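So the chains spell out like this:
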Amino acid sequence: MFTSQTSFQDSIDGDEKDADLDNEEILGYSLKPQHLNCYYSLYFYQSSSLSLVDASLPAEAEPELRSYISRRLSKGALLGGMGNIATVELSVPEQAVGCYCCLLEWDRPAEQAGEEEGGGADYVVCFLGGSEKGLNLFRLELDKYVQGLQSCLSPEMSTRELESEVRPYLSRWYEESVMHIHRVVQLVQDDIRLLLHAALSHTHVEVTGADERTQMDIARFLKAASLQGLVQEESTAASLCKAISEEARRDLLIDCSRPQPTFSHAATNRFCEDWIPAFRNAAERGNPFLLRQILENFKLKAIQDMNHLKRLIRQAEASHYALFRCCVFLRSCGNGDVLLQNARAEHSEMPEAGGVVRALEEFLHEQGLAGPQ
């Protein structure tokens, strides 16, 4: 549970020590982010030796990267299927760049695996660009993207397979694993508030009139913005889904058949609207790392508010003044509808806390704040 409280502006700006959103070291961007260089490298790994399969790195930089990876492997720092992110210094224009490395073990037959105890035949995939801290924001996406290569890689891979399947896939790592949030913000613009609210309130979203990539981008944005798995136990999540179903909440419909998408059955609140300028400014700068950091700060602030309300509800079970503080907080935070929805699900089987939540709902209803604001 997060126990510290931050102001809204602090949440947008980030902590000066750990999340300075304008710090080039963190973001890996110059003043002209469109000039960011991205690289990849693929190695065949067998019997403790590395051999180059393909790379987009400058010729002088590739041996430096290979030496670095060999050292990491000798220390057991690369585990199968788990990406490792660090800063490397290479003969590239940026000199120091973020480097994602992953050891991929190809699926070999069981009898063959037994024969290769002395050293299997695997691959090492590397993606380079931006900074270590920037790539860390997209670790899950990079892990998933690398796994998409597993079925294509084998010691018998032909030159044709490399050129037609593997190389194009490696070349798209940045566009597919990092840029999806930027594309969504550019697509919906100020309506990003509607997607943020849908993610927080667990509203199902249906997209029509869009190509497969756009549908996938929106789905991944919603997953990245969701708090599911961060603040709720499995039983609470089930209660929340049941509560939403009983409310007969309608799906959010997005029609992308026109240049500017249209939304039906949309809801938002002041909390989500307050984040529009931060997302818009980052999108204008073309900085996907900054956008992801802002999204993480958005989630952090929402979690902090949820935890703060939990503490107030516990106190309100025995104190009318704490109940009053709950009312004031819900009225001022701009996210009262989402917070109460989660609180109702979490305290559904707790009579005293449930009574506090019902009292809060009645109060907000009287104030005209019970629904999305």
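Computed from a predicted structure; not experimentally measured.

(A) Spotlight on the overall build of the protein. Within the protein, the regular secondary structure consists of 18 helices and 8 strands. In the protein, buried positions account for 49% of the 373 residues. A separation threshold of at least 6 residues defines the contact pool for the protein, and within that pool the share at least 24 residues apart is 71%. Accessible surface, the protein as shown: approximately 18,500 Å² in total, 48% of it carbon and sulfur.

(B) Local environment of helix α16 (residues 320-333). In this model, α16 (14 residues) spans 20 Å end to end at C-alpha, consistent with the 20 Å of a helix rising 1.5 Å per residue. Taken together, the buried positions of α16 are occupied by A322, C326, C327, F329, L330 and C333. One side of α16 carries all its buried residues, which in axial view fall inside an arc of 165 degrees. Structural note: α16 exposes H320 and Y321 on the side pointing more than 90 degrees away from its buried face. N-cap assignment for α16: the residue whose side-chain oxygen lies 3.3 Å from the backbone N of Y321 is S319. Directly beyond the C-terminal end of α16, a positive phi value near 80 degrees is found at G334.

(C) Here's a closer look at helix α9 (residues 180-188). With 7 of its 9 residues buried, α9 lies for the most part within the structure. Among all positions of α9, only H180, I181, H182, R183, V184, V185 and V188 are buried. Residue Q189 follows α9 closely and has a positive phi angle near 55 degrees.

(D) Fine view of the nonpolar core. Counting residues in each nonpolar core, the largest one holds 88 residues, and the members touching the most others are F127, I192, L195, L196 and F221. Element by element, the count of residues in this core is highest for helix α15 (residues 288-316), at 13 residues. Leave out the neighbours within four places in its chain, and L195 touches V184, V188, I218, F221, L222, L252, I254 and F263. L57, V88, L103 and L128 belong to the second largest nonpolar core, which has 22 residues in total.

(E) Main features of the packing of helix α10 (residues 192-200) against helix α11 (residues 212-225). Across the interface, α10 lies against α11 with an axial gap of 8 Å and an inter-helix angle of 55 degrees. One way to sum up the angle between α10 and α11 is to call them oblique. You can see that α10 and α11 cross each other, and the crossing is right-handed. For the pair α10 and α11, the contacting residues are I192, L195, L196, A198, A199 and L200 in the first and I218, F221, L222 and A225 in the second. For the contact of α10 with α11, the per-class residue count stands at 10 nonpolar, no polar and no charged.

(F) Fine view of the environment of H320. In this structure, H320 sits in helix α16. By relative accessible area, which is 74% here, H320 ends up exposed. As for H320 and V356, which are separated by 36 residues in sequence, their C-alpha atoms are 10.0 Å apart.

(G) Structural context of the pairing of strand β1 (residues 39-46). With 7 of its 8 residues buried, β1 lies for the most part within the structure. Sheet topology places β1 next to strand β2 (residues 49-55); 6 bridges connect them, and they run antiparallel. Note that in β2 the partner of L42 across the bridge is D54. The antiparallel pairing of β1 with β2 creates a hairpin that spans 2 residues between the two strands, and S47 there sits at a positive phi of about 50 degrees.

(H) Here's a closer look at the packing of aromatic side chains. According to the stated counting rule, one finds 11 aromatic pairs in the structure shown. Taken together, the ring pairs connect Y100, F127, Y145, Y169, W173 and Y174 into an aromatic cluster. Positioned over the ring face of F138 is R292, at 5.0 Å from the centre of the ring.

(I) Quick look at the pairing of strand β7 (residues 252-255). Residues L252 and I254 of β7 are buried on one face, while the alternating residues L253 and D255, pointing to the opposite face, are not. With 4 bridges connecting them, strand β6 (residues 205-208) and β7 associate as parallel partners. In the sheet register, T208 faces β7, and the bridge partner there is D255. In this structure, β7 lies alongside strand β8 (residues 262-264), joined through 3 bridges in antiparallel fashion. Counted as the bridge partner of D255 is T262 from β8.

Calculation criteria
- Residues numbered from 1 in each chain as written.
- Predicted model: local features only at pLDDT ≥ 70, side-chain atom pairs only at ≥ 80, totals over all residues.
- Heavy atoms only, no water.
- Helix = DSSP H or I, 4+ residues; strand = E, 2+ residues; numbered from the N terminus.
- Buried < 20%, exposed > 50% of the residue type's maximum accessible area, 1.4 Å probe, protein only.
- Contact = heavy atoms within 4.5 Å.
- Areas by Shrake-Rupley, 256 points an atom, 1.4 Å probe, with all protein chains shown as cover.
- Expected span 1.5 Å × (residues − 1).
- Arc of directions from axis to C-beta.
- Polar contact = N/O pair within 3.5 Å; in protein donor to acceptor, adjacent residues only side chain to side chain.
- Core = buried A, V, L, I, M, F, W, Y, C linked by side-chain atoms within 4.5 Å.
- Axes fitted to C-alpha atoms, helices over the stretch in contact; angles between N-to-C directions.
- Parallel < 35°, antiparallel > 145°, perpendicular 65-115°, else oblique.
- Left-handed = near helix turned anticlockwise from the far one by under 90°.
- Nonpolar A, V, L, I, M, F, W, Y, C, P; charged D, E, K, R; others polar.
- Pairing = 2+ DSSP bridges.
- Phe/Tyr/Trp six-rings, centres within 6.5 Å; stacked < 30°, edge-to-face > 60°.
- Lys NZ or Arg CZ within 6 Å of the ring centre and 35° of its normal.

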